[in-house]
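Descriptive structure summary
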Amino acid sequence: MLPHAWAETAFADYALNRAPEWIRFCRYHASGYFEVPRSDLELALLRFQTTRTTCTVFENVDSARPLYHLLKLIEQHIVLMALRLTGWLPGRLRRSIYRFAKDRRPARKMIIRGCRELWRAAKYIAHPPNTVHLPRLPALSPSGKASRLPEQWIPFEEGDVYLSLGDDWALKDMGSLYEQKGIHGFKVILSCYDMFPINFPHLCPPESNALSVSVANAAWCADEIICFSECARRDLHALLLELGTPVPSLITAPPGSRLVEAPPGRCAAEVAQILQQPYILFVSPLERGKNHETLYRAYTRLVEQGMQNLPYMVFVGGMGWGGDALVADILADWRTKSLIKVINDVSPVELALLYQGALFTVAPSLYDSLGGTVIDSLASGKFCLASETGAMPETGKDWVEYLDPWNVRQWAERLKGYFEHPESITAATEKIRREYRPVTWESTAALIYERANNMAQDEPTQADQRPHSQSHKHALKWSCR
Amino acid sequence: MKPTVLLLSTYPLCEPKNGGQLRLFNIGNAFAKAGWRVESMAIYTPEAYGFDRIGWRDIAFPAASPYRKFHGRTVPLINDLLAGKYATQDPRGFQKVLKKLPRQIDAIHVEQPWLWPLACRIKQIPRYMHTCLIYGSANVEAPLKQAILATYNVAHSDEIVAEIDALEQQAAREADMAVAVTQADLEVLEKWGARRLLLAPNGISPWCASPARLLRWRAELPKSPWIFYVASGHPPNFTEFTQCVGESLGCIPPDSKLVIAGGVSKPLQDSLAATRWGALNLSRLQLLYALPDEDLAAVKTLAHAFLLPIPYGGGSNIKTAEALYSGAYVIGSESAFRGFEGLMHLPEVRVAHSASQCQLMIREVLACPPARSWENELGRHLRKRLQWDVCLAPLPAAVTAFQRNSV
């Protein structure tokens, strides 16, 4: 589950149980804002807590259902099977096929997205959902014209605080939001999770290049931005100075762990098989920036050095940008095909079990603004070997060992060191057990709520110099995706 | 009988668009207003001005001419210098000049140093030996050309710059009168040995937009306050833009734009798109390209602020004069206000000393209510002095006085 999904779920839970009735919730989709009634939200939370599915409460209704989950699983298995089949082809032909498929990846995603939308549309025709449709904010025309929408259709009013914990930069029309904010005078709190596509656009899909537009527009919209690590806050601050936008208040809200409790006996066969062997674990999407390649190369070095009885290296994560080529190499490489296990989809319970059973974890990401892998590792009491970049040192402090993500030799040496001296792993694990106290999502949600509530009580800020009328007592707060 | 002044330049004057054309065109108007007969002759490059209207005395610098090479080498961006050599040293070129010279010439005004050798050669003709030679220095050309050639990594630029420097100094020394656009340039000419000096700054022609054009452009342009940049395709207008404003246009709000007009539109768009923040920059641009005068007048009237990202160079800029005359906010580098130092203190003027400061000023200005400096008596008075007829009136008077004294 993505970080913003955790933040939304945690905050929804907090707000439903502890926050006043005048907080309202909505979901953002390409066609607009849709209010989510409290009763629907309560049901979705209950479903999440009892079934432990990977969905977030704010995903589409059908995403909470097993069929959607199953379809996603099938899709990923098809990709993996295709990779295995093509792994037997000659190198040149294999690369041509990969290149052909890679160049058409956006089209593939569009087809899949289109099929999903058709399915949703069919269901809505058959059974219209019990929601209030709030029309979308108008997109800016090239000349920047926009009109004030009819009074009764605007979901946000003067004095309200619009809080969004979703993936704002990729999904929402910040330009329109800015314009409507100027007309209606509401305040805005947005979120910042991941600076990687901005700092390393060459390692991300081409559409990442347009993120600078969203970031700049978000900075113009927001009265405050919640950053989920000090690293992200620093990066965002530096970025906004470079872009020349206003710099709103930037707050750090440390995230909790993404792991759930793991009752024994509930996992797939593939996972069960891994749990019976010694292994080290890396949980992250399989994409170039996460640097699985360094671990793969380190392991090949260890094999070539003649090291015996190497534990499994388990990669858990969905296929991301550039990940398919690496997986193909791993599966085709005789040195690693039996040692490195790639699992694209696990349930939250299975993930928790994998963490519990690992010797230790690794996190060689080139840059991670959140440090989520380290947080999860420490929360499950596991030592982590992590890269020295991004938010890793901030989250891992002195419970984690840090390495240069580009230095394959260093990684090989340290892995070998820990494999040959398991007592050092034990000592590190003991230190974590003694000293580490995990941050909970509840505390994160409480901090966010406090910020939003304070803003709702404040007078209009200097951030928006356009004239406001007197602010209302009631704060209308939306937690949107 | 009216005295005759011949204006020599490397650009035609029938349809003045760029700063150099506008200045020389208005110099001609000043002479005409003072009772002179004005003739102009341009040695022009057809590829740059081929689609413009050409005067009958104007002479094309052929693309196939051997004088298109500098000491046997093809060098870009110096056709102005080479046009002077063609007109003076090529027998066929000079013959064309001779055929088109007016019967009577009392003064030759050479705008920029390129055609100075031609003016001197004309004066050697017996019927023109009493002609007064005026050197109009619109700029100190050598350092400007050096910067342009360096931007494009042109080889052997030192040799070219040295030749231009020598030409400028020769013109200043030999001229009967040298005209500068700024006090700083005046001091340079004096140092080079100019005998008679005159300061004639750049100015503007007041514009008036029709209600119909204003209505049309109000609908086309952003509803929120926006900032305007108009310039020609002269390389420093876009190559050094990011040096003045920074690589990102994030300082412009999502509902606003940097509106760009003139020949700088396309090259600046390309330049901003190539930066790290290309997608953001493109989202903040609205390109108008070349506009007819009536449309340009409307756009200038509607602009909330003007941007003057001028990093270096001698002389002064007509776009600065226009921006100051408009009464809107003006944000520019220190170099942009060269020659207009007396107006830098106006409340709507912002001088940026760095890119980050420029971005901050753009943000602030776009959040301010419209500037109303025309409502102020002092503002009106200062702006009236920006008009061409006020700036250039001393020139024909000085030339007439010189001629009277030299008889």
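Preceding block: the structure.
Residues numbered from 1 in each chain as written. Chains lettered and ligands numbered in written order. Predicted model: local features only at pLDDT ≥ 70, side-chain atom pairs only at ≥ 80, totals over all residues. Heavy atoms only, no water.

This brings us to the packing of helix 5 (residues 116-123) of chain B against helix 7 (residues 157-174) of chain B. Residues and elements named next belong to chain B. In contact at an axis separation of 10 Å, helix 5 and helix 7 are set at 40 degrees when each is read in the N-to-C sense. Between helix 5 and helix 7, the crossing angle belongs to the class labelled oblique. Contacts between helix 5 and helix 7 pair Trp116, Pro117 and Cys120 from the former with Leu167, Gln170, Ala171 and Glu174 from the latter. Broken down by class, the residue content of the contact of helix 5 with helix 7 amounts to five nonpolar, one polar and one charged. (Axes fitted to C-alpha atoms, helices over the stretch in contact; angles between N-to-C directions. Helix = DSSP H or I, 4+ residues; strand = E, 2+ residues; numbered from the N terminus. Parallel < 35°, antiparallel > 145°, perpendicular 65-115°, else oblique. Contact = heavy atoms within 4.5 Å. Nonpolar A, V, L, I, M, F, W, Y, C, P; charged D, E, K, R; others polar.)

Throughout the structure, instances matching the rule amount to 29 salt bridges over all chains. In this structure, arginine 409 of chain A and glutamate 413 of chain A form a salt bridge, with 3.5 Å as the shortest nitrogen-oxygen distance. Placement of the pair is arginine 409 of chain A and glutamate 413 of chain A together in helix 17 (residues 408-420), with a separation of four residues, close to one helical turn. Among the residues examined, arginine 409 of chain A registers a relative accessible area of 57% and is labelled exposed. Glutamate 111 of chain B is the partner of arginine 23 of chain B in a salt bridge, and the nearest nitrogen-oxygen pair spans 3.4 Å. Of this pair, arginine 23 of chain B sits in helix 1 (residues 19-33) while glutamate 111 of chain B is found in strand 4 (residues 107-111), placing the two residues 88 residues apart along the sequence. (Salt bridge = Lys/Arg side-chain N within 4 Å of Asp/Glu carboxyl O. Buried < 20%, exposed > 50% of the residue type's maximum accessible area, 1.4 Å probe, protein only.)

Moving on, we come to the sheet that holds strand 13 (residues 349-352) of chain B. All names here are of chain B. Taken in spatial order, the six strands of this open sheet run 10-9-8-11-12-13, and their pairing is parallel. Unpaired on one side and paired on the other, strand 10 (285-289) and strand 13 mark the two borders of the sheet. Neighbour-to-neighbour, the strand axes of the sheet open up by a mean angle of 20 degrees, direction not taken into account. Sheet topology places strand 8 (residues 227-230) next to strand 9 (residues 258-261); four bridges connect them, and they run parallel. The partner of isoleucine 227 across the bridge, within strand 9, is leucine 258. Its contacts with the sheet place helix 15 (residues 318-326) against strand 8, strand 11 (305-308), strand 12 (329-333) and strand 13, and it is angled at close to 160 degrees to strand 11. (Pairing = 2+ DSSP bridges.)

Each side of the interface is counted separately: chain B has 24 residues, and chain A has 26 residues. Regarding the contact of chain B and chain A, the summed buried area is about 1800 Å², with carbon and sulfur atoms giving 56% of it. A per-residue breakdown of the area chain B buries against chain A is headed by Pro254, Asp255 and Trp277 of chain B, which together make up 31% of the total. Taken together, chain B and chain A are joined by one salt bridge. One salt bridge connects glutamate 242 of chain A with arginine 276 of chain B, and the closest N-O pair in it is separated by 3.9 Å. For the interface between chain B and chain A, the tally reads eight residue pairs in polar contact (both at pLDDT 80 or more). Within the residue set of the side of chain B that touches chain A, elements represented by two or more residues are helix 9 (211-220), helix 13 (278-283) and helix 16 (355-366) of chain B. Taken together, the residues of the side of chain B that touches chain A break down into twelve nonpolar, five polar and seven charged. (Buried area = accessible area lost by both parts, 1.4 Å probe. Polar contact = N/O pair within 3.5 Å; in protein donor to acceptor, adjacent residues only side chain to side chain.)

This brings us to the sheet that holds strand 4 of chain B. With parallel pairing, the seven strands of this open sheet are ordered in space as 3-2-1-4-5-6-7 (chain B). The strands lining the two open edges of the sheet, one partner per strand, are strand 3 (59-60) and strand 7 (197-199) of chain B.

Further remarks concern the environment of glycine 332 of chain B. Residues and elements named next belong to chain B. With respect to the helices, strands and loops of the structure, glycine 332 is situated in strand 12. Note on glycine 332: relative accessible area 3%, which makes it buried. Sequence separation of glycine 332 and valine 245 is 87 residues, and the distance between their C-alpha atoms is 9.2 Å. Among residues more than four places away in sequence, those in contact with glycine 332 are Leu308, Phe337, Arg350, Val351 and Ala352.

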